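Remarks on the overall topology
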Amino acid sequence: MNNLLAFFLFQPEVDVVKEDVEKVSEGFKSSWDTMWERIGGWKEKLIENLPEIFLAIFVFTVCYFISVYVKKWLQKPLAKVIKRTSVRSLITNVISIFIVLIGLIIAISVLNLSNLLTGVLAAGGIAGIAVALAFQGVLANTFSGIFISITDILNVGDFIQTNGYSGNVEEITLRNTRIREVDNNIVIIPNKNIIENPFKNFSLTPRIRSTILCSVDYNADMRFVKKISTEAINKRFPQLEYEHVEFHWTEFADSSINFQIRFWIEARANLTLLEAKSEAMMILKETFDAHGIQIPFPVTTLEWPKDAGDSFDFPPKVKN
């Protein structure tokens, strides 16, 4: 009696469970059939588009090998224009990637994936803007380094003055320039700062003009001083055909007659200019000493009253 009662009580629940299992089984079977139908459809489309797929692969492969060949071929002509290996590698890599991208775009077009191509280009544009904003300073330094390399306004070994620093250029990379100052300190300057600010390159011209300021006393013969000074400088620093030593009197000062002498020298560094000035100063001093010409220094004359004896009112009259 109890078993019969339990059978009638739990029979509806068993029927519900069976119905649920059947529904799940039918749903799984339907999904399985749908998946195989789609796979079959993809297989048919794959077989149908097999020529386009092979053509796309062929085009992309050809573009890839062309990019490799062009990258190797560009090394020699670029070496004549751009001396730095890092800049040449950057340019060749960019050109190689550009050719590969062209091959990829053509391959996508052959496969009639215009929607995918549009999405890729849109995503690439957004990503490019984001990268440009995030690495604005790095890109500015990189393009400045490329500009320096192409224009050849700065090379390793040049002596320059820029951004408050001066020294010999030791290395130029895509991002910065390293110079060694005369006191042996290393200064690293971003390329953007060099391009945006004025800088002096002593190595761009093989000859520069040096100026020496000097003076003689009032007893000296001015024309004779000009003659011997010009001859002495010209003998030590020979001038080219279009150059000459310039001598100009500039001022009647309190204790001297001042002049400047200008001459051309061969110099590719600021140190050479300093050495030339030092040599020229010694030559002028030796020349003046040999002819008894004095280089005066400021003199102050004190007038002592004759009737003052050993004492007088302070302060005395001063005559310069």
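Look above for the structure.
Every chain is numbered on its own, with residues counted from 1 as its sequence reads. A pLDDT threshold of at least 70 governs which residues receive local features in this predicted model, and a stricter bar of 80 or more applies before side-chain atom pairs are shown or counted, although totals over entire chains, interfaces and linings include all residues. Remark: hydrogens and water are excluded; side-chain values derive from all non-hydrogen atoms of the structure.

1. Remarks on the overall build of the protein chain
Filter applied, for reference: Only DSSP runs of H or I with at least four residues qualify as helices, and only runs of E with at least two residues qualify as strands; both kinds are numbered from the N terminus onward. Burial status follows relative accessibility: with a 1.4 Å probe on protein chains alone, a residue under 20% of its type maximum counts as buried, one over 50% as exposed, and anything between as partly exposed. In this analysis, two residues are considered to be in contact whenever any of their non-hydrogen atoms come within 4.5 Å of each other. Working definition of accessibility: Shrake-Rupley area with a 1.4 Å probe, residue cover restricted to the visible protein chains.
Per the secondary structure count, the protein chain includes 9 helices and 10 strands. Within the protein chain, the proportion of its 320 residues that are buried is 27%. In the protein chain, 60% of the contacts between residues at least 6 apart in sequence involve partners at least 24 apart. Roughly 22,600 Å² of accessible area belongs to the protein chain as shown, and the carbon and sulfur atoms make up 62% of that amount.

2. Details of the pairing of strand β6 (residues 207-216)
In plain terms, the rule: Paired strands, in this sense, are two strands between which DSSP finds at least two bridges.
Counting buried positions along β6 yields 7 of 10 residues, so the element is predominantly enclosed. Here 10 bridges tie β6 to strand β8 (residues 257-266), and the two strands are oriented antiparallel to one another. Considered in β8, the bridge of Thr211 is made with Arg262.

3. Notes on unusual backbone geometry
In this model, Asn163 sits at a positive phi of 55°, which is unusual for a non-glycine residue. With respect to the helices and strands, Asn163 occurs in the loop between β1 (159-162) and β2 (165-172). Positive phi is not limited to glycine here, since Asn184 has a value of about 75°. Mapped onto the elements of the fold, Asn184 is located in the loop between β3 (176-180) and β4 (186-190).

4. Observations concerning the sheet that holds β2
Within a sheet, adjacent strands bond to each other through the backbone by hydrogen bonds, running parallel or antiparallel. How we decide: Note on definitions: angles span 0 to 180 degrees between N-to-C directions of axes, and those axes are lines fitted to C-alpha atoms, for helices only across the stretch in contact.
The strand order across the open sheet built from 5 strands is β4-β3-β2-β1-β5, with neighbouring strands paired in antiparallel fashion. Across the chains shown, the open sheet's two edge strands, defined by having one partner strand only, are β4 and β5 (199-201). Across the sheet, the mean angle from the axis of one strand to that of its neighbour is 40°, orientation sign disregarded. Both β1 and β2 contribute to a ladder of 4 bridges, which runs antiparallel. Residue pairing for β2: Ile160 is matched across the bridge by Gly167.

5. Description of the sheet that holds β6
Spatial ordering of the open sheet is given by β6-β8-β7, a layout of 3 strands whose pairing is antiparallel. Every interior strand has two partners, whereas the edge strands, β6 and β7 (246-252), have only one. Shown here is a sheet whose adjacent strand axes are inclined to one another by a mean of 25°, direction ignored.

6. A word on the nonpolar core
Generally speaking, nonpolar side chains in soluble globular proteins are found buried as a group. Here is the rule: Among buried residues, the Ala, Val, Leu, Ile, Met, Phe, Trp, Tyr and Cys ones that are joined through side-chain atoms within 4.5 Å form a nonpolar core.
Among the nonpolar cores identified, the biggest contains 24 residues, and Val216, Ile233, Phe237, Phe263 and Phe288 are the most heavily contacted of them. Sorting the residues of this core by element identifies β6, α8 (222-236), β8 and α9 (270-290) as the ones contributing at least two each. In terms of residue count, the dominant contributor to this core is α9 (6 residues). Among all residues touching Phe237, those that are not within four sequence positions of it are Phe263, Trp264, Ile265, Ala276, Glu279, Ala280 and Ile283. In this structure, Ile160, Val169, Ile179 and Ile194 belong to the second largest nonpolar core, which totals 9 residues.

7. Examining the pattern of salt bridges
Rules: One side-chain nitrogen of Lys or Arg within 4 Å of one carboxyl oxygen of Asp or Glu is enough to make a salt bridge.
Following the criterion strictly, the structure yields 10 salt bridges and no others. Among the salt bridges present, the one from Glu266 reaches Arg207, with a minimum N-O distance of 3.6 Å. Here the residue Glu266 occupies a position in strand β8, and Arg207 occupies one in strand β6, the gap between them amounting to 59 residues. Of the residues examined, Arg207 reaches a relative accessible area of 13% and is grouped as buried. Via salt bridges that share partners, Glu170, Glu171, Arg178 and Arg180 belong to a single interconnected network.

8. A few points about the packing of aromatic side chains
Spelled out, the test is: Pairing of aromatic rings covers Phe, Tyr and the six-membered ring of Trp, with a centre-to-centre limit of 6.5 Å; geometry is then stacked below 30 degrees between planes, edge-to-face above 60, and tilted otherwise.
In the structure shown here, the tally under the stated rule is 7 aromatic pairs. Here the aromatic rings of Tyr64 and Phe65 are separated by 5.5 Å at their centres, their planes lie at 75°, and the arrangement is edge-to-face. With a relative accessible area of 55%, Phe65 lands in the exposed category. Centroid distance Phe259 to Phe288: 6.4 Å. Interplanar angle 75°. Geometry classified as edge-to-face. Placement of the pair is Phe259 in strand β8 and Phe288 in helix α9, with a sequence separation of 29 residues. With relative accessibility at 0%, the residue Phe288 sits in the buried group. Cluster of aromatic residues (ring-pair linked, three or more members): Phe247, Trp249, Phe259 and Phe288.

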